[in-house]
Amino acid sequence: MATEQSVNIILVEDDDGHAVLVEKNLRRAGLVNGFMRFRDGQEALDHFFEGGTSRGDLQQVVVLLDVNMPRVNGVEVLKRMKEDVSTSAIPVIMLTTTDDPREIGRCYEYGCNVYITKPVEYDDFIEAVRRLGFFLQVVKLPVLAASQKGTESQ
């Protein structure tokens, strides 16, 4: 079943190997849509808040966010995204090796939509990403309201 709207993926992941595996296996699962990667949390924050990202660029976007990264960690990126009206409706999936229940709880408190722990074993990791790809093919994303445009002026 083909969908009219495809999901665009923004992957925030500092590990090059994980990033390649995620992209490759999402594509193998049938996602042929936009894919953008940032190597740390600061790059992601710059994209969302400093890079002149247009509202259209944020439509049909899902963020896959690692927790442990240099400069700015994923939890801080999540917190900042969910606090800002221009990015708060963007679904954020934490995709990380961190399985500390306190960290998981904190991510949900800040507004993550899904928390997925990356399996350590290669084959299990590939299977988890493949399943995520199937999920992303059928997920329905919110349409960002036009009233959220230009809300930065205060």
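Look above for the structure.
Residues numbered from 1 in each chain as written. Predicted model: local features only at pLDDT ≥ 70, side-chain atom pairs only at ≥ 80, totals over all residues. Heavy atoms only, no water.

According to the stated counting rule, one finds 2 cavities of 30 Å³ or more in the structure shown. Volume-wise, the second largest cavity comes out at about 30 Å³. In terms of lining, the second largest cavity is formed by I9, E23, L26, R27, L31, N33, G34 and F35. A per-class count over the lining of the second largest cavity returns 4 nonpolar, 2 polar and 2 charged. (1 Å grid on protein atoms, 1.4 Å probe; cavity = no way out; pocket = protein on both sides within 12 Å on 5 of 7 lines; lining within 4 Å. Points joined across faces, edges and corners; volume = space filled by probe spheres on them. Nonpolar A, V, L, I, M, F, W, Y, C, P; charged D, E, K, R; others polar.)

Once that is clear, we can look at the side chain of E13. Residue placement: E13 occurs in the loop between β1 (8-12) and α1 (16-28). Classification of E13 as buried rests on a relative accessible area of 2%. Among the polar contacts made by the side chain of E13, one reaches the main-chain amide nitrogen of D15 at a distance of 2.9 Å. (Helix = DSSP H or I, 4+ residues; strand = E, 2+ residues; numbered from the N terminus. Buried < 20%, exposed > 50% of the residue type's maximum accessible area, 1.4 Å probe, protein only. Polar contact = N/O pair within 3.5 Å; in protein donor to acceptor, adjacent residues only side chain to side chain.)

This brings us to the nonpolar core. In terms of nonpolar packing, the biggest core is built from 23 residues, with V12, F48, V63, L65 and M94 touching the most fellow members. Sorting the residues of this core by element identifies β1, α2 (41-50), β3 (61-65), α3 (74-83) and β4 (92-96) as the ones contributing at least two each. Here M94 is in contact with L65, D66, V67, G74, V75, L78, C107, C112, V114, Y115 and I116, once residues within four sequence places are set aside. Ranked by size, the runner-up nonpolar core spans 17 residues in total, among them A19, L21, V62 and L64. (Core = buried A, V, L, I, M, F, W, Y, C linked by side-chain atoms within 4.5 Å. Contact = heavy atoms within 4.5 Å.)

With respect to the secondary-structure elements, V77 resides in helix α3. Through-space distance from the C-alpha of V77 to that of A44 is 7.5 Å; in sequence the pair is 33 residues apart. For V77, the contacting residues outside a window of four places in its chain are G41, A44, L45, L65 and V72.

Of all 5 residues in β3, 5 are buried, a share of seventy percent or more. Of the pairings in the sheet, the one linking β1 to β3 comprises 5 bridges and is parallel in character. Bridging across to β3, I9 finds its partner in V62. Bridge count between β3 and β4: 3 bridges; the pairing is parallel. Following the sheet pairing, L65 is matched in β4 by M94. At this point the chain moves from β3, through α3, to the parallel β4, and the crossover so formed is right-handed. (Pairing = 2+ DSSP bridges. Right-handed = clockwise from strand over helix to strand, strands pointing away.)

Before going further, it helps to spend a moment on the packing of α2 against α3. Where α2 contacts α3, the two axes come as close as 9 Å, and the packing angle between them is 15°. Comparing their axes, α3 and α2 come out roughly parallel. Classified by chirality, the crossing of α3 by α2 is right-handed. For the pair α2 and α3, the contacting residues are G41, A44, L45, F48 and F49 in the first and V77, R80 and M81 in the second. For the contact of α2 with α3, the residue count by class is 6 nonpolar, 1 polar and 1 charged. (Axes fitted to C-alpha atoms, helices over the stretch in contact; angles between N-to-C directions. Parallel < 35°, antiparallel > 145°, perpendicular 65-115°, else oblique. Left-handed = near helix turned anticlockwise from the far one by under 90°.)

Here we take up the pattern of salt bridges. A complete count under the given rule lists 7 salt bridges for this structure. For the salt bridge of D16 with R39, the shortest nitrogen-to-oxygen distance reads 3.8 Å. Within this pair, whereas D16 is found in helix α1, its partner R39 is found in the loop between β2 (35-38) and α2, the two being separated by 23 residues in sequence. A relative accessible area of 44% means that R39 is categorised as partly exposed. With a shortest N-O distance of 3.0 Å, D40 and R71 are connected by a salt bridge. Here R71 lies in the loop between β3 and α3 and D40 lies in the loop between β2 and α2, a separation of 31 residues in the sequence. (Salt bridge = Lys/Arg side-chain N within 4 Å of Asp/Glu carboxyl O.)

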